[in-house]
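# Close look at the chain arrangement
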Amino acid sequence: MANFLIVEARFYDHLNDMLVAGARAALEAEGHSVDVLTVPGALEVPGAIAMAAERGRYDGFVAIGVVIRGETYHFEIVAGESARGIMALTMDGIAIGNGILTVENEEQAIVRADPKQKDKGGEAAKAALALLDLQSRFGA
């Protein structure tokens, strides 16, 4: 059994509820324990994962959040920098599944977040599980 931390940028409650539910279900179905940590936004997710990883309490992480395009350049910064931060941590050997949705509108987000539809939270959890398996294969 592994310990996972879901780090969620809780901005859209109804969308995050679905993403977290999908991620939790995927991890618990495999017998793993799950904690959830909430941060203000998607830019804070990589930092929170880095801090938690340093403590060594968790074996893997799932990043959850929703970034919906607006009328300003802010969308590109938040989407790109949160993904870059998560990728940098993954390249350092931390098992992270990225479930931060970057979408054009709420309708796209609902389809992707809903566990009965695209279940991107569950997919992110499965990605974290796959990376954790690779860590054990490579002796990390």
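Please read these numbers as outputs of a predicted model, since none were measured by experiment.

### Things to note about the side chain of E8
With respect to the secondary-structure elements, E8 resides in strand β1 (residues 3-9). Taking relative accessible area as the criterion, E8 reaches 5% and is therefore assigned buried. Among the polar contacts listed, one links the side chain of E8 to the side chain of R10, at a separation of 2.9 Å. When sequence neighbours within four positions are dropped, the list of residues in contact with E8 reads N16, V20, V36, L37, T38, V39 and I64.

### Notes on helix α5 (residues 120-137)
Taking 1.5 Å of rise per residue, the 18 residues of α5 would be expected to cover 26 Å, and the 25 Å separating its terminal C-alpha atoms lies within 8% of that figure. Along α5, the residues that are buried comprise G121, G122, A124, A125, A128, L129, L132 and Q135. For α5, the arc enclosing every buried residue in end-on projection is 160°, short of the 170-degree limit, so these residues lie on one face. Turned more than 90 degrees away from the buried face of α5 sit K126 and R137, all of them exposed. Check the buried side of α5 and you find it contacts β1, α1 (13-29), β3 (60-68) and β4 (96-103).

Conventions used here
- Residues numbered from 1 in each chain as written.
- Predicted model: local features only at pLDDT ≥ 70, side-chain atom pairs only at ≥ 80, totals over all residues.
- Heavy atoms only, no water.
- Helix = DSSP H or I, 4+ residues; strand = E, 2+ residues; numbered from the N terminus.
- Buried < 20%, exposed > 50% of the residue type's maximum accessible area, 1.4 Å probe, protein only.
- Polar contact = N/O pair within 3.5 Å; in protein donor to acceptor, adjacent residues only side chain to side chain.
- Contact = heavy atoms within 4.5 Å.
- Expected span 1.5 Å × (residues − 1).
- Arc of directions from axis to C-beta.

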